[in-house]
Each structure stands twice: as C-alpha cells, then as structure tokens.
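# Topology and contacts: notes
Take a look at the letters that make up each chain.
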Amino acid sequence: MNGNMWLASFPKSGNTWCRAFLSNYLFGGEAPVSINDMDKYCAGDADIRYYEPFVDGDISTLSPEKVYAARPQAHRMMADSSAASTLVKIHNRKADFGGVATITPELTAGVVYIIRNPLDVAVSFANHYDQSIDTAIQALASHDLSAPPTSDLIYQDLGSWSDHVNSWTNAKGVYMLFMFYEAMVQNPGKTFEQLISFLRVPLDRAKLQRSMDFCSFKSLSEQEQQSGFAESPPTAHSNFFRSGKVGGWRDHLNRDQVDFIVRNHGATMRKFRYLDDKGRLRV
C-alpha cells in the first residue's frame, strides 16, 4: 500500500520502541539497526527538512500556521520517498490546525496508534523533559499543550493526553491499528505479529524474534550507553530508554498526583480499560 503509514502516539508512549522494531524487521539484518539510524527508515512528521522547500523565507521566523500550510506538500515529499508505504512518526493530535489537516487523507496508507497508561506516561514525560512530576501531570491535562519548534523540528500541536488519544481513536474512515504499550511489554510476540499483519508484510518468525531481541529495552539501553541517542532532548538528565516498566508509576506518584490524573482523564482511562467500571485502577 503506497502513501504514509503514520506511527502516532502521545509523547513517551512507545513510539520509539515501535520504530526500533520496524526498523529491524523491515530493514535490518543479523546485527541491530543503530538507534541513531532509525530516521533512515522512518520519516519524522515534525522534521523541518520536509517543510523548508515549501515555505517562503526563513522557516524559523514563520508562525506555526504558515509552516503548517506546507503540510500537504511535505507529506507528498514523505510519501514519494519510498516505492512502498513510508513509515512516519507523528506526535500531533489528529485535528485541523490553521485549517490544515494533521494527516493528508489522499497520502495516508494507514495509522498505527500507540496508547499507554497516562500514569506511566506522566513519569516518563517528567524524566524526558527534566520536569517535576507535578509539572508533567499539569502538562498532560492541558488542552493547549504543544512542543515548541527547535532548530530541527517544527511546532507540534499535542493537546492533553485525553485530547490526543480521543482525536486519533475516534477517527473515521482510516485504516488503523490500536497498539497498547502494556501489550507490547507483556505479550510482545503476539502484539508485534499483529503489527506485521496490519502492515501486510510477510511474517518471518525468525526475523520477528530477532527484531524483538534487538529492540528490547536492554539492547536499546546498551546502544544508548555506547553511542548516545540523537533524539534525546538537550535538557535530559537521564537515559531515554529508562525502564519501560508497566505500572512503574506506583514507585513515583503519590495519591494526590494519581487522583489528579484520574480526575482529568478518567473517562478516557475507563474507555481503554485502565480503570474498571467502578473507577478502580487496573494497571
């Protein structure tokens, strides 16, 4: 299937892990693909290089709205970079911004959307951006949350965790797979096999196992220790590949912080079974 295959998620939900797996399964060999080479196999929707050819003047001086006007052309450039579907990482919520769609429909092959418990997202988000837990959980609740532009990336429109999840999972008319981070950890074989099937590529069980081994947190963390990770923010004071635990929030969040997250995201958490029907935590 031609077009862009979007790998979408709220930040710190497993997007990089998914890309590492696909880089190894689709393009790798007998040795692990370098974590710093993943951009060779998966485009970045926020990568400034796709937008610069289609804007007038210095892109760093332009408003997000003017940059976003170039999205259809940038998405065409991404789609044309491969004879098959182009994998594209995206952290934007699915919504029109400045009258421009997040993903260009006629250039879309499908969407893989990765969902993670917001309690664990909050802890990982705080570590990634060198913030306090309280700052991170406020960010996850902000309907105006965004990632500002950098020298390499354009502005990214995120919205709250619930905004983000619902914007993608409520999308109509899109070939889409929902992947749960927790399933990626607890049953990786079945989960990644479903991903391969969704992408309509042949299943090679030996390659599947090798790719899962190459993208284990132990393997990715060892690569980061040896060569660093280019995608880590300059403010980071801990490893990008930190622990990857399911339920690790229990070691970091106090009762007030848990209650704040549940109060702000309870409906969406219940929808995706992070809360049971009585509002009790399940993960």
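This text follows the structure it describes.
In this report, we go over the structure that sits alongside the text. (Residues numbered from 1 in each chain as written. Predicted model: local features only at pLDDT ≥ 70, side-chain atom pairs only at ≥ 80, totals over all residues. Heavy atoms only, no water.)

## Looking at the overall build of the protein chain
On a plain count of helices and strands, the protein chain comes out with eleven helices and seven strands. In summary, the protein chain has a C-alpha radius of gyration of 18 Å against a globular reference of 19 Å for 283 residues, a match within 12%. Referenced to the eigenvectors of the C-alpha coordinate spread, the extents of the protein chain come out at roughly 50 × 45 × 40 Å. Within the protein chain, buried positions represent 50% of all 283 residues. (Helix = DSSP H or I, 4+ residues; strand = E, 2+ residues; numbered from the N terminus. Rg over C-alpha atoms; globule rule 2.2 N^0.38 Å. Buried < 20%, exposed > 50% of the residue type's maximum accessible area, 1.4 Å probe, protein only.)

## Focus: the pairing of strand β4 (residues 108-115)
Note on strand geometry: in a regular strand, side chains alternate between the two faces of the sheet. Judged by how many residues are buried, β4 sits mostly within the fold: seven of eight residues are covered. Where strand β1 (residues 4-9) lies against β4, six bridges are found, and the strand directions are parallel. The residue of β4 that forms the bridge with L7 is V112. (Pairing = 2+ DSSP bridges.)

## Regarding the nonpolar core
The biggest cluster of nonpolar side chains holds 52 residues, and the ones touching the most others in it are Y51, V111, I154, W161, W168 and L253. Looking at this core element by element, the count peaks at six residues for helix α4 (residues 118-128). Y51 has contacts with D45, A46, I59, V67, A70, R71, A74, H75, M78 and I154, leaving out every residue within four places of it along the chain. (Core = buried A, V, L, I, M, F, W, Y, C linked by side-chain atoms within 4.5 Å. Contact = heavy atoms within 4.5 Å.)

## Some thoughts on the sheet that holds strand β3 (residues 86-90)
Strand order in the open sheet made by the five strands is β2-β3-β1-β4-β7, with parallel pairing throughout. Two strands bound the open sheet, and with one partner strand each, they are β2 (43-44) and β7 (176-180). Where helix α1 (residues 15-27) meets the sheet, it contacts β1, β3, β4 and β7, and its direction lies at approximately 170° from that of β3. The strands touched by helix α6 (residues 161-169) within the sheet are β1, β3, β4 and β7, with β4 carrying the most contacts at an inclination of about 145°. (Axes fitted to C-alpha atoms, helices over the stretch in contact; angles between N-to-C directions.)

## Examining the side chain of S160
Within the fold, S160 resides in the loop between β6 (156-157) and α6. S160 has contacts with F10, L140, A141, S142, H143 and H265, leaving out every residue within four places of it along the chain.

## Considerations on the packing of α4 against helix α5 (residues 133-140)
α5 packs onto α4 with a crossing angle of 125° between their chain directions and a minimal axis gap of 8 Å. With respect to each other, α4 and α5 are oriented oblique. Judged by the sense of rotation from one axis to the other, the crossing of α4 with α5 is right-handed. The segment α4 lies against α5, with P118, V121, A122, V123, F125 and A126 engaging I133, A136, I137, A139 and L140. (Parallel < 35°, antiparallel > 145°, perpendicular 65-115°, else oblique. Left-handed = near helix turned anticlockwise from the far one by under 90°.)

## Looking at the packing of aromatic side chains
With the rule as written, the count across this model stands at 15 aromatic pairs. Arranged with centres 4.6 Å apart and planes meeting at 50°, the rings of Y68 and F97 form a pair that is tilted. Placement of Y68 in helix α2 (residues 64-68) and of F97 in the loop between β3 and β4 is noted, with a sequence separation of 29 residues between them. Of the two residues, Y68 and F97, both sit in the buried class. Taking the centre distance of 4.2 Å and the plane angle of 10° together, the rings of Y175 and F198 count as stacked. In this pair, Y175 is assigned in the loop between α6 and β7 and F198 in helix α8 (residues 188-198), connecting sequence segments 23 residues apart. Residue classification places F198 among the buried positions, given a relative accessible area of 8%. Linked through ring pairs, W17, F21, Y25, Y181, F192 and F217 together constitute an aromatic cluster. Looking at R71, its charged tip hangs above the ring of Y68, at a distance of 4.7 Å from the centre. The ring of Y175 is capped by R200, whose NZ or CZ atom sits 4.3 Å from the centre of that ring. (Phe/Tyr/Trp six-rings, centres within 6.5 Å; stacked < 30°, edge-to-face > 60°. Lys NZ or Arg CZ within 6 Å of the ring centre and 35° of its normal.)

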